[in-house]
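Working through the structure, step by step
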Amino acid sequence: MARKAPRDDVNEDGIEIGPPKEWAAGIPGVTRSLLTANAQMGVGRTLLTLAGVNQKEGFDCPGCAWPEGEHRSPFEFCENGAKAVAEEATVRRVTRDFFARHTVDDLAGHTEYWLGQQGRLTEPMHKPEGSDHYVPVSWDDAFSLIARELRALDSPDEALFYTSGRTSNEAAFAYQLLVRRFGTNNLPDCSNMCHESSGSALNETLGIGKGTVSLEDLYRADLILVVGQNPGTNHPRMLSALERAKREGARIVAVNPLPEAGLLRFKNPQRPSGLVGKGTTLSDRFLQIRLNGDLALFKAMSLLLLEAEEAAPGTVIDRDFVETHTHGFDDWAEDLRSLDWTEVEEATGLDRPAIEEAVREVLGAKSVIVCWAMGLTQHKNSVATIREVVNFLLLRGNVGRAGAGVCPVRGHSNVQGDRTMGIYEKPPARFLDALRDEFGFEPPREHGFDTVEAIRALRSEQAKVFIAMGGNFVSATPDTAATEEAMRRARLTVQVSTKLNRSHAVCGREALILPTLGRTERDGDRFVTVEDSMGMVHASRGRLRPASDDLLSEVEIVCRLAVELFGDDPHVPWQEFAADYDAIRDRVSRVVPGFDDFNVRVRAPGGFALPNAPRDERRFPTATGKANFTVNDLQVLRVPPGRLLLQTVRSHDQYNTTIYGMDDRYRGVRNGRRVVFVHAGDLVEQGLADGDLVDLVSEWPDGERRAEAFRVVAYPTARGCCAAYFPETNVLVPLDSVADTSNTPTSKSVVVRLVRRAPDAG
Ligand SMILES: Nc1nc2c(c(=O)[nH]1)N[C@H]1C(S)=C(S)[C@@H](COP(=O)(O)OP(=O)(O)OC[C@H]3O[C@@H](n4cnc5c(=O)[nH]c(N)nc54)[C@H](O)[C@@H]3O)O[C@H]1N2
Ligand SMILES: Nc1nc2c(c(=O)[nH]1)N[C@H]1C(S)=C(S)[C@@H](COP(=O)(O)OP(=O)(O)OC[C@H]3O[C@@H](n4cnc5c(=O)[nH]c(N)nc54)[C@H](O)[C@@H]3O)O[C@H]1N2
Ligand SMILES: [Mo]
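Every value quoted in this text rests on a predicted model; they were computed, and no experiment measured them. (Residues numbered from 1 in each chain as written. Chains lettered and ligands numbered in written order. Predicted model: local features only at pLDDT ≥ 70, side-chain atom pairs only at ≥ 80, totals over all residues. Heavy atoms only, no water.)

Quick look at the pattern of salt bridges now. Taken as a whole and judged by the stated rule, the model has 63 salt bridges. Here R638 makes a salt bridge to E343, at a shortest N to O gap of 3.9 Å. Of this pair, R638 sits in the loop between β23 (627-628) and β24 (644-649) while E343 sits in helix α18 (residues 341-348), and the two are 295 residues apart along the sequence. E438 is the salt-bridge partner of R590, the closest N and O atoms lying 2.9 Å from each other. Note that R590 is positioned in helix α30 (residues 581-591) and E438 in helix α23 (residues 429-439), a separation of 152 residues in sequence. Take R590: its relative accessible area is 52%, and that puts it in the exposed class. Salt bridges here are not isolated pairs; linked through shared partners, they connect K246, R251, D284, R285, E357 and E361. (Salt bridge = Lys/Arg side-chain N within 4 Å of Asp/Glu carboxyl O. Helix = DSSP H or I, 4+ residues; strand = E, 2+ residues; numbered from the N terminus. Buried < 20%, exposed > 50% of the residue type's maximum accessible area, 1.4 Å probe, protein only.)

Here the domain parsing of the protein yields domain 1 (94-193 + 414-527 + 548-601), domain 2 (196-408) and domain 3 (641-761). The C-alpha-based centres of domain 1 and domain 3 are spaced at 32 Å. Summing both sides of the interface, domain 1 and domain 3 together bury roughly 1600 Å²; the carbon and sulfur share of this comes to 54%. Where domain 1 meets domain 3, there are two salt bridges. The shortest N-O distance in the salt bridge between D736 and R456 comes to 2.8 Å. Applying the counting rule to domain 1 against domain 3 returns 12 residue pairs in polar contact (both at pLDDT 80 or more). Among the elements of the structure, α6 (112-117), α24 (451-459), α25 (473-476) and α26 (480-488) are those that each provide at least two residues to the side of domain 1 that touches domain 3. Broken down by element, the side of domain 1 that touches domain 3 gets its largest block of residues, five residues, from α24. Partitioned by chemical class, the residues of the side of domain 1 that touches domain 3 number six nonpolar, seven polar and seven charged. (Domains from an automatic or database assignment. Buried area = accessible area lost by both parts, 1.4 Å probe. Polar contact = N/O pair within 3.5 Å; in protein donor to acceptor, adjacent residues only side chain to side chain. Nonpolar A, V, L, I, M, F, W, Y, C, P; charged D, E, K, R; others polar.)

The residue S589 is located in helix α30 in this model. Those residues within four positions of S589 in sequence are excluded, and the remaining contacts are F595, D596, D597 and F598. A polar contact is formed between the side chain of S589 and the backbone oxygen of D586, at a distance of 2.5 Å. (Contact = heavy atoms within 4.5 Å.)

In this section: the sheet that holds strand β13 (residues 285-287). With parallel pairing, the five strands of this open sheet are ordered in space as β13-β10-β9-β15-β16. The sheet is open, and its two edges are formed by β13 and β16 (405-408), each paired on a single side. Averaged over neighbouring strand pairs, the angle between their axes works out to 15 degrees when direction is ignored. Alignment of strand β10 (residues 251-255) against β13, held across three bridges, turns out to be parallel. By the bridge assignment for β13, A254 is matched with F286. Contacting β15 (368-372) and β16, helix α21 (residues 382-395) crosses the sheet at an angle of about 170 degrees to β15. (Pairing = 2+ DSSP bridges. Axes fitted to C-alpha atoms, helices over the stretch in contact; angles between N-to-C directions.)

The next point concerns the site of ligand 1. Near ligand 1 there are 32 residues, and of these N256, E260, D294, Q654 and N656 occur at the shortest range. N230 places a polar main-chain atom, nitrogen or oxygen, 2.8 Å from an oxygen atom of ligand 1. In the environment of ligand 1, an oxygen atom lies 3.0 Å from a nitrogen or oxygen atom belonging to the side chain of Q647. Alone, ligand 1 offers 920 Å² of accessible surface; in the complex the protein occludes 99% of this. Among the elements of the structure, α11 (231-234), α20 (374-377), β24 and β25 (654-655) are those that each provide at least two residues to the shell around ligand 1. Of the residues belonging to the shell around ligand 1, the class tally is 12 nonpolar, 16 polar and four charged. (Near = heavy atom within 4 Å. Areas by Shrake-Rupley, 256 points an atom, 1.4 Å probe, with all protein chains shown as cover.)

Around ligand 2 sit 30 residues in total, of which Y162, S164, E554, T657 and N730 are the nearest. A distance of 2.9 Å separates an oxygen atom of ligand 2 from a polar atom in the side chain of H412. At 3.0 Å, a backbone N or O of N472 approaches an oxygen atom of ligand 2. Contact with the protein chains hides 95% of the accessible area of ligand 2, taken as 930 Å² for the molecule alone. Looking at the shell around ligand 2 residue by residue, the class counts come to nine nonpolar, 16 polar and five charged. The two domains that each donate at least three residues to the shell around ligand 2 are domain 1 (94-193 + 414-527 + 548-601) and domain 3 (641-761).

To continue, consider the side chain of E88. Its place among the elements puts E88 in helix α3 (residues 79-89). At 4.1 Å, R166 is the nearest oppositely charged side chain to E88, a buried residue that forms no salt bridge. Among all residues touching E88, those that are not within four sequence positions of it are P62, R120, R166, G518, R519 and T520. (Lys, Arg positive; Asp, Glu negative; His and termini not counted.)

Let's shift gears to the nonpolar core. In terms of nonpolar packing, the biggest core is built from 64 residues, with L150, F161, F173, L514 and W574 touching the most fellow members. Here this core takes nine residues from helix α8 (residues 169-182), the largest share from any one element. Setting aside residues no more than four positions away along its own chain, F161 makes contact with L150, Y175, L178, V179, F182, T184, N186, L187, P188 and I467. Counting residues in each nonpolar core, the second largest holds 59 residues, with V227, V253, F329 and F629 among its members. (Core = buried A, V, L, I, M, F, W, Y, C linked by side-chain atoms within 4.5 Å.)

Strand order in the open sheet formed by three strands is β20-β21-β22, and the pairing between neighbours is antiparallel. Each edge of the open sheet is held by one strand with a lone partner, namely β20 (528-531) and β22 (608-609). Both β20 and strand β21 (residues 536-540) contribute to a ladder of four bridges, which runs antiparallel. Bridge assignment links V530 to a residue of β21, and that residue is H538.

Moving on to the pairing of strand β30 (residues 703-714). When strand β28 (residues 675-678) meets β30, the two strands line up parallel, connected through four bridges. Bridge pairing in β30 places V678 opposite A714. Sheet topology note: the strand β29 (residues 693-700)/β30 ladder contains seven bridges and is antiparallel. If you follow W700 over to β30, its bridge partner there is G703. In this antiparallel pair of consecutive strands, β29 and β30, the connection spans two residues.

Okay, the confidence of the model for the protein next. Detailed reading of the predicted model is not advised wherever pLDDT is low. Averaged over every residue, the pLDDT of the protein is 93; residues scoring 70 or more account for 92%. Low pLDDT (under 50) marks residues 1-5, which in the prediction has 15 contacts with non-local residues, meaning those over four places away or in another chain. (pLDDT = per-residue confidence, 0-100.)

So, on to the packing of aromatic side chains. Between two aromatic rings, the relevant description is the distance of the centres plus the angle of the planes. A full pass over the atoms with the stated rule returns 22 aromatic pairs. Taking the centre distance of 4.8 Å and the plane angle of 55 degrees together, the rings of F466 and F473 count as tilted. Of the two residues, F466 and F473, neither departs from the other in class, the shared state being buried. With centroids separated by 5.9 Å and ring planes inclined at 80 degrees, the aromatic side chains of F598 and F608 adopt a geometry described as edge-to-face. Residue F598 is found in helix α31 (residues 598-601), and its partner F608 is found in strand β22; the two are separated by 10 residues along the sequence. Both residues of the pair, F598 and F608, belong to the buried class. Here a set of aromatic residues connected by ring pairs shows up, and it is made of F98, F99, W114 and Y134. The side chain of R166 reaches across the aromatic face of Y655, ending 5.0 Å from its centre. (Phe/Tyr/Trp six-rings, centres within 6.5 Å; stacked < 30°, edge-to-face > 60°. Lys NZ or Arg CZ within 6 Å of the ring centre and 35° of its normal.)

As structure tokens, this is what we get:
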């Protein structure tokens with residue numbers, strides 16, 4: 001299985017490689033954001049739009065889920081937030097003429113970059129079966145077509161309802177209600193590929209699938225570990241928070257195979273000195289860990305803490321906390337004694353003194369926070385790794401107290417809220433009971449398909465209708481060739497989208513594109529709400545004129561489909577929901593814990609915080625009623641000779657599958673994406689050199705997978721590891737390569753062989 005580069009990929013010959021940057025943001029960051037914004041929007045619209053980002057009366061930045069601070073500057077946005085906004089507020093339009101000019105096949109031959117650059121979708125489009133063109137369709141006809149196909153299924157479980165993470169709370173609640181009213185829990189979402197491992201590990205050990213810290217905690221921490229995360233690119237506003245934490249005395253340790261610019265030094269563009277000065281050195285210590293080494297690292301750090309306690313009893317472990325609030329300590333501590341340091345050094349690529357120094361930081365800190373993102377969640381042993389992070393924190397009582405806790409940094413701007421609203425294929429019984437009590441129908445109890453299972457169901461034609469509330473399913477998921485083939489088998493695919501992407505081109509036999517409003521746009525006089533990464537809920541109100549008069553909000557799309565599907569529904573007032581989002585919020589307040597008086601509290605400036613039992617009361621609603629220590633085996637991921645461990649990452653110029661541009665400024669790449677970053681020492685060992693053109697080949701029991709034509713870049717990553725961008729490399733990860741328990745594709749540890757291409761094959 002091989003994948004050729006689509007034809008308008010920038011030619012590798014044009015790639016320019018310079019030295020990686022050591023600092024993030026500052027003047028280049030600001031001018032960059034204005035340049036991107038201007039190219040898409042023009043100057044007037046740029047200033048109007050950017051001034052509304054993350055303001056108390058404005059819209060929530062669609063960029064990431066990092067919370068807003070209490071002191072919002074007039075420009076509470078970052079370079080990449082501005083790009084996300086510009087991408088949505090662009091003045092370019094995809095019209096019916098565009099679809100008349102391009103066949104579906106033709107669109108499938110273009111890159112994500114090209115597709116995204118065409119602009120905003122403007123009217124509903126329909127690809128009839130057997131046709132190779134999308135043609136305009138009325139909203140009414142589109143809804144009756146979907147309802148007809150859904151009703152024709154033998155079972156509701158033959159339909160799949162995907163959600164990406166930008167969907168508002170109101171749309172998400174209405175959507176999951178429609179799906180359960182229809183009779184299935186087939187609600188796969190982007191979380192399945194993202195923080196599912198965090199949710200799995202935290203639910204089991206702490207009793208909540210979310211983080212336990214607020215921004216205020218970050219400012220009060222003595223030590224912050226930033227593990228498996230590249231905030232300079234993916235959560236730039238987090239750098240301001242880290243900078244402030246440092247000013248208030250925190251120390252920061254970065255754990256990453258790559259020396260990411262934002263982790264090292266930061267020039268805060270929101271402060272005058274940040275534009276010109278030297279910037280803040282953010283990380284006090286950098287552990288350049290080998291990919292997938294974190295489980296070993298956290299075990300080793302915990303063991304050293306246990307040994308320190310033995311050397312000076314009563315000084316290291318928080319005995320009170322461990323005895324009162326936790327379960328399983330003795331078994332865990334006993335197991336830890338058998339840790340093998342050779343294996344630790346092998347797994348982490350770090351030597352013992354480096355780990356001992358890190359532990360001295362821990363011993364010197366009363367309050368510790370661990371932040372993480374995809375570097376921890378997308379491995380086979382991710383759930384175990386995050387459980388070990390929890391063990392490490394529990395040992396010194398670093399949960400549920402000021403300045404301490406777990407901080408999984410969420411991706412999409414409302415991915416956390418979507419889960420809270422019930423977008424989940426494995427809903428807890430208490431949520432379904434609450435739905436039943438509120439609406440008077442019996443929701444389905446059987447668990448539904450997650451993302452990977454949904455692809456399998458499409459492949460076996462067990463699932464026949466696929467509906468997506470946002471996102472770009474075929475590009476974001478693994479095993480590209482298999483996934484695309486599976487998607488093409490669907491009877492009907494429906495994409496609710498703002499912009500064109502590959503999932504419109506690689507579609508079912510019959511397909512619909514339903515264009516929707518973005519965050520930045522006016523939705524009559526209505527507003528929606530979102531929940532950030534730290535459980536703060538607040539309103540988001542768009543201000544721009546919609547990209548076209550023919551767009552519907554996501555809520556209206558769900559409710560109008562429901563009216564078509566259920567007719568006069570005695571259980572849910574869909575028409576009222578479509579007209580008045582307060583009516584939805586009233587229902588949320590009765591179904592979802594923590595949303596009492598939702599309509600009142602969300603109108604308070606800044607919104608409100610959701611309750612968080614571990615954080616607020618040191619209460620752990622787990623199976624044991626306590627915070628659980630868990631035993632997790634260390635299995636070193638050994639790479640056969642001649643192979644490297646590949647991680648798939650984001651460049652500075654992309655938002656998941658949306659490609660803003662061809663540069664990765666902080667890593668020194670211009671004008672191309674087909675690059676693979678490899679340590680110079682490994683290049684020598686592999687008989688390769690910087691500038692070589694290689695194929696990336698992964699080997700699996702069912703055969704090899706190949707991603708073609710990558711330029712080798714000598715780069716200071718950890719030894720034995722390499723990195724390349726997704727989605728180009730998704731082809732390398734088979735559907736069956738997933739994390740234990742969470743079923744998340746293993747996008748951060750793929751064993752690959754680098755095969756030099758013959759010059760004429762380039
Ligand atoms: N501009 C922009 N912002 C975004 C996104 C975007 O695409 N663009 N995406 C959003 C989404 S949905 C998400 S989930 C987040 C993603 O945010 P990140 O998780 O920061 O995104 P990645 O690019 O996947 O970066 C993974 C980081 O983990 C490191 N890493 C990889 N494997 C390991 C490992 O085994 N151990 C350790 N310690 N480190 C490792 C990598 O070197 C890299 O620094 O960002 C969100 N924000
Ligand atoms: N190899 C590899 N694969 C990965 C990852 C990785 O690190 N490596 N990361 C994974 C992660 S963390 C995630 S979250 C997934 C992301 O998976 P998805 O969420 O499915 O993908 P996105 O690229 O974020 O979706 C972009 C599309 O969303 C639509 N869109 C944007 N805004 C809106 C809106 O407001 N409403 C609606 N209805 N549509 C909108 C646009 O049409 C746009 O083309 O990818 C995963 N895939
Ligand atoms: Mo994500």
